[in-house]
Amino acid sequence: MALKTTISNIVGVKVEGVYNDEKGLTKTIDFLLTCERLTSEQIDEALAGDYSQASILRFMLSIAKGWSSVKDDEGNAVAYSEDEFEARCKTQSGLLFVCFKCYREQSGVRAKN
């Protein structure tokens, strides 16, 4: 495919990660996070060199617009809201940084495998 003049300002970010359950078994997570696409310069400006948890949370809340494949314990879809996103990031250690890493990797052009 040819390089287009513009790329959509919305990006679907596939968030994938792993965690250990109570038995030490590795479990996977994956869901799609819909975000505003920013340039590297805009990201740097928004964070201003502050990569603390609080700063990254503020940043992710400012760009996240929705999600899919997020379920509650009974398997029901959970509607996106800033409160839901923040609550999950605060109670599921590491999730915020996985979301941020996936966003940084997938929001721009990258090499094809």
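For the structure, see preceding data.
A brief look at the structure comes next. (Residues numbered from 1 in each chain as written. Predicted model: local features only at pLDDT ≥ 70, side-chain atom pairs only at ≥ 80, totals over all residues. Heavy atoms only, no water.)

For the rest of this paragraph, the subject is the packing of helix 2 (residues 53-63) against helix 3 (residues 82-91). Angle between the axes and distance between the axes are the two parameters that describe a pair of packed helices. Closest axis-to-axis distance for the helix 2/helix 3 pair is 10 Å, and the angle between their directions is 145°. Remark: the crossing between helix 2 and helix 3 carries right-handed chirality. Here Leu57, Met60 and Leu61 of helix 2 come into contact with helix 3, specifically with Glu82, Phe85, Glu86, Cys89 and Lys90. Taken together, the residues of the contact of helix 2 with helix 3 sort by class into five nonpolar, no polar and three charged. (Axes fitted to C-alpha atoms, helices over the stretch in contact; angles between N-to-C directions. Helix = DSSP H or I, 4+ residues; strand = E, 2+ residues; numbered from the N terminus. Left-handed = near helix turned anticlockwise from the far one by under 90°. Contact = heavy atoms within 4.5 Å. Nonpolar A, V, L, I, M, F, W, Y, C, P; charged D, E, K, R; others polar.)

Here the focus is the nonpolar core. Among the nonpolar cores identified, the biggest contains 27 residues, and Leu33, Phe59, Met60, Phe85 and Tyr103 are the most heavily contacted of them. Within the residue set of this core, elements represented by two or more residues are strand 1 (10-20), strand 2 (26-36), helix 1 (40-47), helix 2, strand 3 (64-68), helix 3 and helix 4 (95-106). Apart from residues lying up to four places away in sequence, Phe59 is in contact with Leu38, Ile43, Ala46, Leu47, Phe100 and Tyr103. (Core = buried A, V, L, I, M, F, W, Y, C linked by side-chain atoms within 4.5 Å. Buried < 20%, exposed > 50% of the residue type's maximum accessible area, 1.4 Å probe, protein only.)

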